[in-house]
Amino acid sequence: MHDLIIVGSGVAGLGAAIYARRFEMRVLVIGDLEGGTITLTHLVENYPGFESLSGLELAQNISKHAKNLGAEFRNGRVESVEKSEKGFLVKSGGEKFEAKTVILATGTEHRKLTAPGAAEFENRGVSYCATCDAPFFKNKIVALVGGSDSAVKESLIAAKHAAKVWIIYRGKKLRAEPINLRRLESKKNIETKCCVEIAEIFGKEKVAGVRLDNGEKLKLDGIFIEIGRIPRSELAKKMGVELNEKGEIKIDRFARTNIPGVFAAGDVTDADWKQAITGVAEGAHAAHQAFEFLQK
């Protein structure tokens, strides 16, 4: 019997594990990607204490901290969490684990582009990770779809390798942090096309280009997509955890859900600002509330 099982091993879950171990709770972390999606981030420059480091390095530092404090880890995906007589029964990879409390830190997944050709050419020119795949497009022409801060940062990564980067965004103005907009403006090989969307991705064996909804065609070798995230909240929904209209887990300021003993943290929650530091803070809140729950 564990005092706490944390579902999800991103930075929110890892932060929760650190605090739970500080409270001397018996903790098990179950996740399918240790460190979470921040491990795919090229640079993190807004996490206090680290002026600049990769997302992978940040996640590894937090993970190491949790492990050194004695948190248990298992790699895998949780299939279900059910209420039991003594707390909760967690099923993962054919195994069953018991816990008195649970923290859901399941994060998000990429929102997929639905334009014709997007699914057909995935991994054949269509990518959802510039950090991973930009080096394959050295001296090529690529596009970045999206207008958020994450999209702009992805375009900056792509521009280090590609000869030309088109940013395709349906809005009028890019929604990036000022520092990243300044970096974007300094890049001569990045150009923005606003107020348009991709109507079709075309090619034969791989991506050859796109047709925009204004009729314009662009010849391209690759397309990077960063159009937002979808909360991984299916597990929470099955448990009866209350979600908002976006499918995010509803929590109060102490990371509590509507089910006693079940807490949530990180990008899967309805917090309006998704950052590594806010996710870690929610994880810390969740661990403290789990500890308080057990004391009562």
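This text goes with the structure placed above it.
Below is a short write-up of the structure. (Residues numbered from 1 in each chain as written. Predicted model: local features only at pLDDT ≥ 70, side-chain atom pairs only at ≥ 80, totals over all residues. Heavy atoms only, no water.)

So, on to the overall build of the chain. When helices and strands are tallied, the chain shows 7 helices and 17 strands. By principal-axis analysis of the C-alpha atoms, the chain measures approximately 65 × 40 × 30 Å. Here the chain holds 296 residues, and the buried ones make up 51% of them. For the chain, the share of sequence-separated contacts (at least 6 apart) that also reach a separation of at least 24 residues comes to 58%. In the form shown here, the chain has an accessible surface area of approximately 15100 Å², with 49% of it arising from carbon and sulfur atoms. Averaging the locations of the 44 positively and 39 negatively charged side chains of the chain gives two centres separated by 3 Å. (Helix = DSSP H or I, 4+ residues; strand = E, 2+ residues; numbered from the N terminus. Buried < 20%, exposed > 50% of the residue type's maximum accessible area, 1.4 Å probe, protein only. Contact = heavy atoms within 4.5 Å. Areas by Shrake-Rupley, 256 points an atom, 1.4 Å probe, with all protein chains shown as cover. Lys, Arg positive; Asp, Glu negative; His and termini not counted. Charge placed at Lys NZ, Arg CZ, Asp CG, Glu CD.)

What you tend to see is this: most non-glycine residues have negative phi, and most peptide bonds are trans. Its identity as a non-glycine residue notwithstanding, E24 has a phi of 60 degrees, on the positive side. Structurally, E24 is set in the loop between α1 (11-22) and β2 (27-31). Residue E24 is classed as exposed on the basis of its relative accessible area of 71%. Unusually for a residue other than glycine, A255 sits at a positive phi of about 70 degrees.

Moving on, we come to the pairing of strand β6 (residues 95-104). Each regular strand displays side chains that alternate between the two surfaces of the sheet. Pairing of strand β1 (residues 2-7) with β6 involves 5 bridges; the strand directions are parallel. Counted as the bridge partner of H2 is A99 from β6. In terms of strand pairing, strand β5 (residues 88-92) meets β6 through 5 bridges, oriented antiparallel. What sits directly across from F88, in β6, is A99. Hairpin geometry of β5 and β6 is characterised by an intervening segment of 2 residues between the two adjacent antiparallel strands and by a positive phi of about 55 degrees at G93. Where β6 meets strand β17 (residues 262-264), 3 bridges bridge the pair, whose relative direction is parallel. What sits directly across from V102, in β17, is V262. (Pairing = 2+ DSSP bridges.)

To continue, consider the packing of aromatic side chains. The relation between two aromatic rings is expressed through the spacing of the ring centres and the mutual angle of the planes. Applying the stated criterion to the full structure yields 4 aromatic pairs. Measuring from centroid to centroid gives 4.8 Å for F23 and F291, while their planes differ by 15 degrees, and the two rings are stacked. Residue F23 is found in the loop between α1 and β2, and its partner F291 is found in helix α7 (residues 276-295); the two are separated by 268 residues along the sequence. Judged by its relative accessible area of 24%, F23 falls in the partly exposed class. Overall, F291 belongs to the partly exposed group, its relative accessible area being 21%. Taking the ring centre of F73 as reference, the NZ or CZ of K67 above it sits at 5.1 Å. Taking NZ or CZ as reference, K112 lies 5.2 Å from the ring centre of Y128, over its face. (Phe/Tyr/Trp six-rings, centres within 6.5 Å; stacked < 30°, edge-to-face > 60°. Lys NZ or Arg CZ within 6 Å of the ring centre and 35° of its normal.)

Note on placement: S52 falls in the loop between β2 and α2 (55-68). In this structure S52 comes out as partly exposed when scored by relative accessible area, which is 42%. Taking the C-alpha atoms as reference points, S52 and A66, 14 residues apart in sequence, are found 21 Å from one another. With residues near it in sequence (within four places) discarded, S52 still touches L43, V44 and E45. Looking at S52, its side chain comes within polar contact range of the side chain of E45, at 3.3 Å. (Polar contact = N/O pair within 3.5 Å; in protein donor to acceptor, adjacent residues only side chain to side chain.)

Okay, the pairing of strand β10 (residues 164-169) next. Of all 6 residues making up β10, 6 are buried, and the element is well covered by its neighbours. Taking every second residue as pointing to the same face, both faces of β10 are buried, with K164, W166 and I168 on one and V165, I167 and Y169 on the other. Pairing analysis gives 5 bridges linking strand β9 (residues 141-145) to β10, with the strands arranged parallel. Its bridge partner being in β10, A143 is matched across the sheet by W166. A crossover connection joins β9 to the parallel β10 through helix α4 (residues 149-159); in handedness this β-α-β unit is right-handed. Tracing the backbone out of β10, into helix α5 (residues 178-185) and back to the parallel element strand β11 (residues 190-194) gives a crossover that is right-handed. (Right-handed = clockwise from strand over helix to strand, strands pointing away.)

Between its first and last C-alpha atoms α2 spans 20 Å; for 14 residues at 1.5 Å apiece the expected length is 20 Å, and the two agree. For α2, the set of buried residues is G55, L58, A59, I62, S63 and A66. The buried side chains of α2 occupy one side of the element, clustering within an arc of 125 degrees when seen end-on. Exposed residues pointing more than 90 degrees away from the buried face of α2 are listed as K64 and N68. In this structure, the buried residues of α2 make contact with α1, β3 (72-75) and α7. Positioned one or two residues after α2, G70 has a phi angle of 105 degrees, which is positive. (Expected span 1.5 Å × (residues − 1). Arc of directions from axis to C-beta.)

Shape is all these values report; function is a separate question.
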